[in-house]
Structures are given as C-alpha cells and as structure tokens.
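Okay, here's what each chain looks like letter by letter:
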Amino acid sequence: SMVFGVVFAKKSVVVSSDSFTRVDATSWTLDLGANLGSEGYIGCKDVCLFMPSTGLLDDNSALCMYIQAGNSPWSYCGCVANAKPSDVFALRWPVDDNGAPFATAAIGISVEPLAATLEKESVLVQHKETFAKRVAEDLFRFMQSFQTGGDAQHMVVPTNILDRWFDKFINKFRRDPGFIDRPR
C-alpha cells in the first residue's frame, strides 16, 4: 500500500512509495539517474510530495524529502505531515566543480521527528531571507555606482535603473547561480 507519493511537475504521473527502494524502516530512495539520466532529472524543477491519507504518521512525525546528485551530500527540500499532507518543493540539483550535472541523482524520503523538521524548515526560511537581502544589496550597490554628488541621503539614478540592474543580475545569475549566496 502507498505510504506516500511524488509527482514531478510536468514530468511524471504519480510515483508511489512502492517504486522507491526501502533503505530501512523509516527511509526510502528513488534513483532518478538510472531512470531518467542526467538530462532527465535536471529537467525536474518541482516535485509534489504527498500522503494519500492522513493518519499514516503520528502527529509528532513528518515525511522529509532530500535530493542528492552524484556524490554530493543529501540536501533537505521540505516535509509533509498530518497537518500539511502535501507540498511542492523546488529542486535545485547540485552540479560538479565544472558546473556540469552529475550522471546520477536520487530522491530520499525519511520519517523524522516533527520537532527536528521544524528546525530544518526555519533554516530554509532563513536562507531565503538571506538570499532576498543579498539581492537587494546587489541592487543598492548597482544604484550607488551612479551616485555622483556628495549627498549621502539622496540618490539620483537613471529612470531605467531597475531594467538595467535586472539584466545585469540575470546575466550574472545565469553564469554563476551561487554568486548571490557568497558573503561579500
């Protein structure tokens, strides 16, 4: 019987927990590289993890999803629990040192204490807040580059500043998506 299922948005039908390899009593893996190859799994950008019914877990547990590519460490994506029996997670696949996709990739699912998952969730939110702050700092530095006078309280910038910054930001981001995560 299905304990959980996943759907890769625009890429798959329901993949039942029965299709996963059971690692132990509380964890499962699904080898994507073997089924899809590197071109296939890289195209999987979003996944929905769901429980077919509530009551499969106790109220103090959650199903956590992780991804791994090649020999990279497992990366936490998110969780579902009785109070939130389904969710959609963005998949950010690790790449090798040259920026190329690994030949293999896997999804991992594990039953974990809800309290531990809440801590992982707060780290995810904190990462997103830090990311947003770094994007804003990048915009501010770009705008400062147009500052000509000595007035530190006011900034005069071209009217197309946001378009120019966004074009520059997207070009940098496409060349090196990790640039925004590095401390200045």
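For the structure itself, look to the data block above.
Residues numbered from 1 in each chain as written. Predicted model: local features only at pLDDT ≥ 70, side-chain atom pairs only at ≥ 80, totals over all residues. Heavy atoms only, no water.

### Re the state of the cysteines
Consideration 1: One pass over the structure, following the stated rule, counts zero disulfides.
Consideration 2: Here Cys 64 is not disulfide-linked; the sulfur of Cys 79 is the nearest cysteine sulfur, at 5.1 Å.
Consideration 3: A residue is classified by how much of its surface remains accessible, and Cys 64, at 0% relative accessible area, is buried. (Disulfide = S-S within 2.5 Å. Buried < 20%, exposed > 50% of the residue type's maximum accessible area, 1.4 Å probe, protein only.)

### Some remarks on the sheet that holds strand β3 (residues 21–24)
Consideration 1: Taken in spatial order, the five strands make up an open sheet running β3-β4-β9-β6-β7, and their pairing is antiparallel. Each edge of the open sheet is held by one strand with a lone partner, namely β3 and β7 (75–80). On average, adjacent strands in this sheet sit at an angle of 25° to one another, irrespective of strand direction.
Consideration 2: Across three bridges, the pairing between β3 and strand β4 (residues 27–31) is antiparallel. Among the inter-strand pairings, Arg 22 is bridged to a residue of β4, identified as Trp 28. (Pairing = 2+ DSSP bridges. Helix = DSSP H or I, 4+ residues; strand = E, 2+ residues; numbered from the N terminus. Axes fitted to C-alpha atoms, helices over the stretch in contact; angles between N-to-C directions.)

### So, the nonpolar core
One recurring pattern in soluble globular proteins: nonpolar side chains tend to sit buried together.
Consideration 1: If you look at the biggest cluster of nonpolar residues, it comprises 27 residues, and the most contacted ones within it are Phe 8, Trp 93 and Ile 107.
Consideration 2: Elements that contribute at least two residues to this core include exactly β1 (5–8), β4, α1 (32–42), β5 (46–50), β6 (61–69), β7 and β9 (105–113).
Consideration 3: Ranked by residues supplied to this core, first place goes to β6 with four residues. (Core = buried A, V, L, I, M, F, W, Y, C linked by side-chain atoms within 4.5 Å.)

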